[in-house]
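Commentary on secondary and tertiary structure
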Amino acid sequence: MPIMNMVQAINSAMDVALGDDPDTLVFGQDVGYFGGVFRATEGLQRKHGIERCFDAPITEGGIISAAIGMGAYGLRPVVEIQFVDYLWPGYDQLLSEAAKLRYRSSGQFWAPITVRTPYGGGIFGGMTHSQSPETLFAHIPGLKTVIPSNPYDAKGLLLAAIAEDDPVIFLEPKRLYNGPFDGHHDRPIKTWVEHPQADVPAGRYTVPLGKAAIVREGSAATVLAYGTMVHVAESAIVEGGYDAELIDLRSIVPLDVETIAASVKKTGKCVIVHEATRFCGFGAELTAQLMERCFYHLKSPIERVCGYDTPYPHTFEWDYFVGPKRVDAALKRVMEG
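Residues numbered from 1 in each chain as written. Predicted model: local features only at pLDDT ≥ 70, side-chain atom pairs only at ≥ 80, totals over all residues. Heavy atoms only, no water.

**A short note on the overall build of the chain**
Note the following rule: Every helix listed is a DSSP run of H or I at least four residues long, and every strand listed is a run of E at least two residues long, numbered separately from the N terminus. Based on C-alpha atoms, the radius of gyration is set beside the globule rule, defined as 2.2 Å times the residue count to the power 0.38. Note on classification: 1.4 Å probe, protein chains only; a residue is buried when its accessible area is under 20% of the maximum for its type, exposed when over 50%, partly exposed between these limits. The contact criterion used throughout is that any non-hydrogen atoms of two residues lie within 4.5 Å. Note that accessible areas follow from Shrake-Rupley with a 1.4 Å probe, and for residues the cover is restricted to the protein chains shown.
When its secondary structure is counted, the chain shows twelve helices and 14 strands. Whereas a compact globule of 337 residues would reach a radius of gyration of roughly 20 Å, the chain reaches 19 Å, a difference of no more than 12%. If you line up the chain on its principal axes, its C-alpha atoms span 60 × 45 × 40 Å. Residues classed as buried in the chain amount to 58% of the 337 residues present. Long-range contacts, defined here as pairs at least 24 residues apart, represent 79% of the contacts in the chain between residues at least 6 apart. Approximately 13700 Å² of the chain is accessible, and the part contributed by carbon and sulfur atoms is 55%.

Right, dumping it as structure tokens:
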């Protein structure tokens, strides 16, 4: 079985999808000959041809709207937006058209499109290349939002997303693309990203959307995370010696409420970790869902460990970026509560 990092796994998923279905195609800025700014589409045009993998103009609204039209007429486009920060010119197309097409046409048309885009910080990209706006997509009915944390899930979730008949936003944590990282003021924490590469089957397989993964079992507290923060949270749990259950959400819409609620009812304590800003971040929705279902099981207040409510800084990136020390502090608070 091949060993792949996340970029290679995502590339493999698109290669499989293009090979299996002649109606699947890939396009976006620099995804063709150049192979994408992060090389996620490298070699696809050469293998599958310029009509199946091609470059698009610098117009995110045009890319999304073209994909919607293609989907309505039977194609299955996979588009890349170079950074999620660039997606806003196409947000209206997602909000007003893609997410509502099946509903407004009474099922006569649908938008089987997948929008791949790197998100999150940790690469010194500054305020316009490092944002985590997942909540803005999760808020749109009819749009699914998926966030992998490892290469195996990345390929399986992407293949599942491409097979969906409704639009999917596929957020790829760019900090995990190419392998391990350890440059952080929190060091030494040896296990920060313990599994940057993984055994990934070469052929087709899928990981179901809306099914969370229990990364570590525990009984004293529940930690909820997704994307890069799964590894950050795991480091805090391991280094701190906590008997904590770590759950990787994998998709935030659809959300596996049953798995997370069952864990919180078991442990009675919960820490939510995400890279996005705290105010109206997805942690707020998770907190509300758990309060509705687990209030009488809670032994201490739910803790949220999040990015700060400021634009993403460049110079002070590692002060902003959620690290194991902040997760450790939150775990201490819930354990003492």
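**Regarding the packing of helix α1 (residues 6-20) against helix α7 (residues 151-163)**
To keep things clear, this is the line we draw: Axis definition: a line fit to C-alpha positions, over the contact stretch in the case of helices; interaxial angles, taken between N-to-C directions, run 0 to 180 degrees. Note that the term roughly parallel is reserved for angles under 35 degrees, roughly antiparallel for angles over 145, roughly perpendicular for angles of 65 to 115, and oblique for everything else. Note on convention: the crossing is left-handed when the near helix lies turned anticlockwise from the far helix by less than a right angle, right-handed when the turn is clockwise. Here the term charged refers only to Asp, Glu, Lys and Arg, the term nonpolar to Ala, Val, Leu, Ile, Met, Phe, Trp, Tyr, Cys and Pro, and the term polar to all other amino acids, Gly among them.
For the pair α1 and α7, interaxial distance at closest approach is 8 Å and the crossing angle is 30 degrees. With respect to α7, the element α1 is oriented roughly parallel. For the pair α1 and α7, the crossing hand works out as right-handed. Contacts between α1 and α7 pair Met6, Ala9, Ile10, Ser12, Ala13, Met14, Val16 and Ala17 from the former with Pro151, Ala154, Lys155, Leu158, Leu159 and Ile162 from the latter. Looking at the contact of α1 with α7 residue by residue, the classes come out as twelve nonpolar, one polar and one charged.

**Remarks on the environment of Lys144**
By the secondary structure assignment, Lys144 is in strand β6 (residues 144-146). Take Lys144: its relative accessible area is 22%, and that puts it in the partly exposed class. When the C-alpha positions of Lys144 and Glu164 are compared, they lie 9.5 Å apart, and in sequence the two are 20 residues distant. Ignoring anything within four residues of it in the chain, the contact list for Lys144 reads Glu164, Pro167, Val168, Ile169, Leu209, Val253 and Pro254.

**Looking at the environment of Gly71**
Topologically, Gly71 is positioned in helix α3 (residues 60-72). Each residue touching Gly71, except ones within four places of it in the same chain, is listed here: Pro77, Trp110 and Pro112.

**Some words on helix α9 (residues 257-267)**
Of the residues making up α9, those classed as buried are Val257, Thr259, Ile260, Ala261, Ser263, Val264 and Thr267. Contact partners of the buried residues in α9: β9 (213-216), β10 (221-225), β11 (244-248), β13 (270-277) and α10 (282-294). The first or second residue beyond α9 is Gly268, which carries a positive phi of 75 degrees.

**A word on the packing of aromatic side chains**
Just so we agree on the cut-off: What counts as a ring pair is set by centres within 6.5 Å for rings of Phe, Tyr and Trp (its six-membered ring), and what kind of pair is set by the plane angle: stacked under 30 degrees, edge-to-face over 60, tilted for all other angles.
Considering all chains together, one arrives at 14 aromatic pairs under this definition. Between Phe38 and Tyr177, the aromatic rings sit 5.0 Å apart at their centres with planes inclined by 50 degrees, giving tilted as the arrangement. Of the two residues, Phe38 is situated in the loop between β2 (24-28) and α2 (44-48) and Tyr177 in the loop between β7 (168-173) and β8 (198-199); the sequence distance between them amounts to 139 residues. Judged by relative accessible area, which is 17%, Phe38 ranks as buried. Judged by its relative accessible area of 1%, Tyr177 falls in the buried class. Their ring planes at 80 degrees and their centres at 6.0 Å tell us that Tyr308 and Tyr320 sit as a pair that is edge-to-face. Here Tyr308 is found in the loop between β14 (303-307) and α11 (317-320), whereas its partner Tyr320 is found in helix α11, with twelve residues between them in sequence. Among the aromatic residues, those joined into a cluster by ring pairs are Phe38, Phe83, Tyr86 and Tyr177.

Without other data, these values stay purely geometric and don't point to any function.
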